[in-house]
Amino acid sequence: MQKSLLIVLLVAVFGALAIYFLNLQVPSYLSFAVGAIIAAIINFVSAPQNAIAAAAYKGPIMTLYVGNLPYRVNEAEVKTLFEQYGPVSSVRLVRDRKTGRRKGFGFVEIAEKGGQQALTKLNDFIFQERTLKVREAKSQDTEREDAE
């Protein structure tokens, strides 16, 4: 479960208990509105600073191919691994169309400067008992030119 969702649930439970035990005669629509505002504030405050930095990053971005990923890994874990080197714009883990299972590779869009560093540091890096293969991703246009 995500940390922010857990925090919002805890605040909602404590808020409901406070209203119940203090015997406050508060209309339900007002309770809902106050709860939504408090949840938004908590979610904003507890947002990771790297996510805010990645959303605000406007510089050059490179796409990295990441192979030999564990099948159980999710996008958040890969993003956390690569955020050590720079702002990550997106993580896409490839899935099989028929089964929906992950295929063990994906793509990470990261700031160019951090991407070069991540490429050298994370290639042949052991991650969850698997040795990662990190390369600069080729566009489909480049692959077509190479085939001709």
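For clarity, every value in this text was computed on a predicted model and none was experimentally measured. (Residues numbered from 1 in each chain as written. Predicted model: local features only at pLDDT ≥ 70, side-chain atom pairs only at ≥ 80, totals over all residues. Heavy atoms only, no water.)

**Brief notes about the pattern of salt bridges**
Summed over all chains, the structure comprises 3 salt bridges. Here Arg102 makes a salt bridge to Glu75, at a shortest N to O gap of 3.7 Å. Pair noted here: Arg102 is in strand β3 (residues 102–111) and Glu75 is in helix α4 (residues 75–82), with a separation of 27 residues, a long-range link. Here Arg102 falls in the partly exposed class, since its relative accessible area comes to 21%. Among the residues examined, Glu75 registers a relative accessible area of 29% and is labelled partly exposed. When the shortest N-O distance is used, the salt bridge between Lys133 and Asp124 registers 2.6 Å. Classification of Lys133 as partly exposed rests on a relative accessible area of 33%. (Salt bridge = Lys/Arg side-chain N within 4 Å of Asp/Glu carboxyl O. Helix = DSSP H or I, 4+ residues; strand = E, 2+ residues; numbered from the N terminus. Buried < 20%, exposed > 50% of the residue type's maximum accessible area, 1.4 Å probe, protein only.)

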